[in-house]
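Take a look at the letters that make up each chain.
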Amino acid sequence: MNKQHQEVQVWLEGMFGDQSVPAYELNKFTVDTLAEIMRRNKRAEKHNQLLIHDHRQKADEYTAESVRLGGILESIGMTSTSLSQSGLMSLRTLANLALTLNTVDASETSFLLALGQLEEELCRVDEARRALQKSILSLTRNIHIGRLKHADLTKALGELERRSVEDHGEMERHARETQFIRNKAKEYRSHTHKMEGMLERTGVEPEVYHQALTERAQALERLKQEIVPLKKKLDSYHGLVPDAIQAHMRLDELKEQVGDLEEELRGKIDLMQV
């Protein structure tokens, strides 16, 4: 048992007196906590003893002052029994006012000082009241704005719910159409794969596919366009003099080129027909 624990134990025994001290868990935390409570209790007890001593001293002073004033009043022949009823009421009122204002005595100076302090306190209370009223006004305004916003949000929410109900059917229709298109696309892909497999099994050359035929048709059209100016040029050579050797040779070359182009054109046309 250390010194702190001994002090706590002595204090607890003094607190409980003839009663036994309740059992408690003996560890550092418990002892430290009880020691702190002991110190606070001793400070409070010391403060209370000082207050008691001060009150007793003031009571003695007031008793002595009462005896002195009573002697003065008796010396001039003025006692409480000699006062009228209104005088006694005024005296009691003055005493109660002194107690209410917590004055040192019933002198005029003490009353004026107490009234001044009371007026200052009244000003502080009035300022606090105005600040509270301002705060209440601000809160009331904010509550009103909040209610308006709540009403707007409620209205907007109702409108959204109404639109959601209205758009639900349209969304379902779009969903069905989307699903239908996806199913069709899946079906077309499957059909395309099957057709490609059939084409591979039948030995069809890739040249007869649509894309290849389209490219050949475009090439054929280009050849036709190239033949047109050659034919026009060939026709212009027919008007030349027959014995022009150079013209005759050029004409033969052009005929040979036209023949080659026509042969290539017929071959492409035959291939497209296949």
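Here the residue index of a chain counts from 1 through its sequence in written order. With the structure being a predicted model, the display of local features is reserved for residues of pLDDT at least 70 and the display and counting of side-chain atom pairs for 80 or more, all residues being used for whole-chain, interface and lining totals. Hydrogens are left out, water is left out, and the side-chain values use all remaining heavy atoms of the structure.

Trainee: How should the overall build of the protein chain be read in this particular structure?
Mentor: Each helix is a run of DSSP H or I of at least 4 residues and each strand a run of E of at least 2, with the numbering of both proceeding from the N terminus. Each helix and strand counted, the protein chain has six helices and zero strands in total. Secondary structure of the protein chain in N-to-C order comes out as α-α-α-α-α-α. Per-residue accessibility, obtained with a 1.4 Å probe over protein chains only, is compared with the maximum for each type, and a residue is labelled buried under 20%, exposed over 50%, and partly exposed between these values. Taking all 274 residues of the protein chain together, 11% fall into the buried category. Pairs of residues are marked as contacts when any of their non-hydrogen atoms sit within 4.5 Å. Look at the contacts in the protein chain between residues 6 or more apart in sequence, and 45% of them connect residues 24 or more apart. Just so you have it, the protein chain exposes about 23000 Å², and 59% of that area is on carbon and sulfur atoms. Here, Shrake-Rupley sampling with a 1.4 Å probe gives the accessible areas, and only protein chains in the shown set may cover a residue.

Trainee: Could you clarify how one ought to interpret helix α1 (residues 3-16) in this entry?
Mentor: Side chains of residues three or four places apart in an α-helix project in the same direction, reflecting 3.6 residues per turn. Given a rise of 1.5 Å per residue, 14 residues ought to cover 20 Å, and the 20 Å separating the end C-alpha atoms of α1 matches this to within 8%. Those residues of α1 that sit buried are H5, V8, W11 and L12. Angular distribution of buried residues about the axis of α1 spans 125°; they occupy a single face of the element. Every exposed residue of α1 that faces more than 90 degrees away from the buried side is listed here: K3, V10 and G14. G17 sits one or two residues past α1 and shows a positive phi near 65°. Helix span, as expected, comes to 1.5 Å for every residue beyond the first. By definition, the arc is the one covered by directions from the helix axis to the C-beta atoms.

Trainee: Help me understand the nonpolar core, please; the structure alone is not making it clear to me.
Mentor: Soluble, globular proteins show a tendency: their nonpolar side chains are buried together. In terms of nonpolar packing, the biggest core is built from six residues, these being V8, W11, L12, L34, A35 and M38. Broken down by secondary-structure element, the contributors of at least two residues to this core are α1 and α2 (28-75). Non-local contacts of M38, meaning those with residues more than four positions away in its chain, are made with E7, V8 and W11. Here, nonpolar core means buried Ala, Val, Leu, Ile, Met, Phe, Trp, Tyr and Cys residues that are tied together by side-chain atoms lying within 4.5 Å of each other.

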